[in-house]
Amino acid sequence: MDVCRVCGGQNSSCVQVRRVYQSAPPASGYFGYNNVTVIPAGATNIKVTDNSKNYLALINGKNHYVINGNWVIDWPGEYDIAGTKIQYKRSAGNQESIEAAGPTAEDLHVMVLLREATSGIEYEFWLPNESYGHYQDGHSPLRQPEPAVIEAGLPVSYLPWAQTTTAVITTTTTTTRRPAVYPGSMYPTQRSQARPHQDARFQNVLPRQDTSPDLPSYCRRCKKSKGKSQRIQQYCQKDFVFRGRILGKRVVGSETRYDVQVKETYKNLYPIVHREYVWVPNACDCPYILVKREYIMMARRHVNFEQTLNRILLEHNSFVRLWQPREDLMMRGLDKYCQRYS
């Protein structure tokens with residue numbers, strides 16, 4: 001089988017695409033998702049590599065994050081995506097790669113979760129001859145999207161990827177049709193493993209239609225936790241439940257950071273001090289929190305795979321209520337309900 005994945009072929013039915021992506025410093029700061037490239041359906045011998053503190057991410061043709069989405073970093077391993085097996089590798093030395101033999105059954109969107117300037121994300125794949133022309137027509141080295149939070153199920157045309165930024169791509173396209181040596185290194189011999197579990201509570205932020213000028217275009221109405229059952233469930237499942245006064249707010253990239261004075265704790269599975277930063281993985285004011293107000297908040301501890309991040313995180317649908325004596329009374333005695341969630 002040749003590099004085009006054709007039995008008995010002579011590497012003449014496909015063309016190699018090889019490029020390097022580099023991003024200019026975003027005006028809003030780092031820590032947010034940026035688009036790297038789209039790998040069209042039918043691609044073979046896919047390889048994406050990076051060596052930085054950033055994280056590669058992948059979205060399938062249905063706009064679902066399948067690797068490193070929602071600010072949740074997945075374990076390295078083998079994933080069944082787009083009709084092929086994809087090997088995701090990451091080392092303690094920040095070496096990261098996504099590799100697949102292909103062919104892919106749908107488009108794959110390669111993203112990068114920025115934490116610093118990219119030193120250069122290299123990607124390469126092979127496309128059938130009939131697909132290469134369409135790929136070239138739709139590809140512009142200067143066309144890069146705004147950082148986006150993508151919700152599964154939305155059509156690609158709805159996503160905010162038609163805007164341009166100052167991102168720069170260094171492009172070197174190779175059209176060699178008959179490589180002398182088959183690139184065997186693209187087929188890692190890593191032992192297969194089950195798809196790592198990803199907590200269903202960590203959902204993407206939905207684009208909202210009633211956007212205000214101060215919010216990103218992909219934001220839409222917040223999903224608020226309601227009712228006694230949600231209060232009990234989140235109390236039992238979250239790592240932190242506390243009363244806090246909001247001292248300040250700052251948007252950092254595609255996230256929001258709140259400076260919080262912790263006034264009382266109802267539950268804390270990990271140490272918490274009187275002054276903490278609380279992070280929200282969106283810039284959409286979800287949940288809606290005002291400065292100089294006091295709230296009861298239910299949050300989780302977020303530690304990434306490399307243990308370079310250790311912080312308090314509020315999801316967009318986390319339980320958040322303005323503090324008042326009635327709310328305080330309703331928090332008492334909830335531990336007795338937690339056995340059902342253990």
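Computed from a predicted model, the values in this text were never measured in an experiment.

The rules we used
Residues numbered from 1 in each chain as written. Predicted model: local features only at pLDDT ≥ 70, side-chain atom pairs only at ≥ 80, totals over all residues. Heavy atoms only, no water. Core = buried A, V, L, I, M, F, W, Y, C linked by side-chain atoms within 4.5 Å. Buried < 20%, exposed > 50% of the residue type's maximum accessible area, 1.4 Å probe, protein only. Contact = heavy atoms within 4.5 Å. Phe/Tyr/Trp six-rings, centres within 6.5 Å; stacked < 30°, edge-to-face > 60°. Helix = DSSP H or I, 4+ residues; strand = E, 2+ residues; numbered from the N terminus. Polar contact = N/O pair within 3.5 Å; in protein donor to acceptor, adjacent residues only side chain to side chain. Disulfide = S-S within 2.5 Å.

1. As for the nonpolar core
Phase 1 of the analysis: If you look at the biggest cluster of nonpolar residues, it comprises 26 residues, and the most contacted ones within it are Ile39, Val48, Leu58, Ile81, Ile86 and Phe125.
Phase 2 of the analysis: In this structure, Ile86 is in contact with Leu58, Ile67, Gly77, Glu78, Tyr79, Ile81, Ile98, Glu99, Ala100 and Leu108, ignoring residues within four places of it in sequence.
Phase 3 of the analysis: Phe240, Ile272, Met297 and Val320 belong to the second largest nonpolar core, which has 16 residues in total.

2. Here we look at the packing of aromatic side chains
Phase 1 of the analysis: Per the stated rule, a full pass over the model turns up 3 aromatic pairs.
Phase 2 of the analysis: Consider the rings of Tyr123 and Phe125, whose centres lie 6.4 Å apart with planes at 10 degrees: the pair is stacked. Residue Tyr123 shares its accessibility class with Phe125, and that shared class is buried.
Phase 3 of the analysis: Taking 6.2 Å as the distance between ring centres and 50 degrees as the angle between the ring planes, the aromatic pair formed by Phe240 and Tyr270 counts as tilted.

3. Quick look at the side chain of Asp74
Phase 1 of the analysis: As for its placement among the helices and strands, Asp74 is situated in the loop between β5 (65-67) and β6 (77-81).
Phase 2 of the analysis: Given a relative accessible area of 4%, Asp74 falls into the buried group.
Phase 3 of the analysis: For Asp74, the side chain forms a polar contact with the main-chain nitrogen of Asn68, separated by 2.7 Å.

4. Structural notes on the state of the cysteines
Phase 1 of the analysis: Under the criterion given, the structure shown has 2 disulfides.
Phase 2 of the analysis: One disulfide bridge connects Cys222 with Cys286, the sulfur atoms lying 1.9 Å from each other. An S-S torsion of about -85 degrees defines the bridge between Cys222 and Cys286 as left-handed. One end of the pair, Cys222, is in the loop between β11 (168-171) and α2 (227-237); the other, Cys286, is in the loop between β14 (275-280) and β15 (294-303), with 64 residues separating them in the sequence.

Distances and angles like these do not, on their own, reveal function.
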